[in-house]
Amino acid sequence: MPEVSIDYDICIDCKTCVSICPMGVFKDEGDKVSVVAQDECIACMGCVGACPVDAITVVE
Ligand code: SF4
Ligand code: SF4
């Protein structure tokens, strides 16, 4: 199963990953975005490409 992680040292909390992920892996928790449904990830890499600061890593 893919492993999804966010580097909070560089994340700018833009929420793009929340809206772009087709599987609802990310959740906007107000002060930050969390990975809440890693089990659902299909490794489409949409979030990796869309994150403006390359804060997301998906390891298959
Ligand atoms: S790789 Fe695709 S399915 Fe997985 S978290 Fe990113 S956007 Fe969602
Ligand atoms: S797209 Fe990148 S910078 Fe934006 S909230 Fe997600 S991880 Fe953070």
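Calculation notes
- Residues numbered from 1 in each chain as written.
- Chains lettered and ligands numbered in written order.
- Predicted model: local features only at pLDDT ≥ 70, side-chain atom pairs only at ≥ 80, totals over all residues.
- Heavy atoms only, no water.
- Helix = DSSP H or I, 4+ residues; strand = E, 2+ residues; numbered from the N terminus.
- Buried < 20%, exposed > 50% of the residue type's maximum accessible area, 1.4 Å probe, protein only.

**Side note on the environment of valine 35**
Alright, step 1. Note on placement: valine 35 falls in strand β3 (residues 33–35).
Alright, step 2. Between the alpha carbons of valine 35 and glycine 46 there is a distance of 15 Å; along the sequence they are 11 residues apart.

**A closer look at unusual backbone geometry**
Alright, step 1. Not every positive phi belongs to a glycine, and aspartate 13 is a case in point at roughly 60 degrees.
Alright, step 2. Residue position: aspartate 13 is located in the loop between β1 (3–6) and α1 (16–20).
Alright, step 3. What makes aspartate 13 partly exposed here is its relative accessible area of 26%.
Alright, step 4. At lysine 15, a residue that is not glycine, the phi angle is positive and equals roughly 70 degrees.
Alright, step 5. Note that lysine 15 resides in the loop between β1 and α1.
Alright, step 6. Take lysine 15: its relative accessible area is 22%, and that puts it in the partly exposed class.

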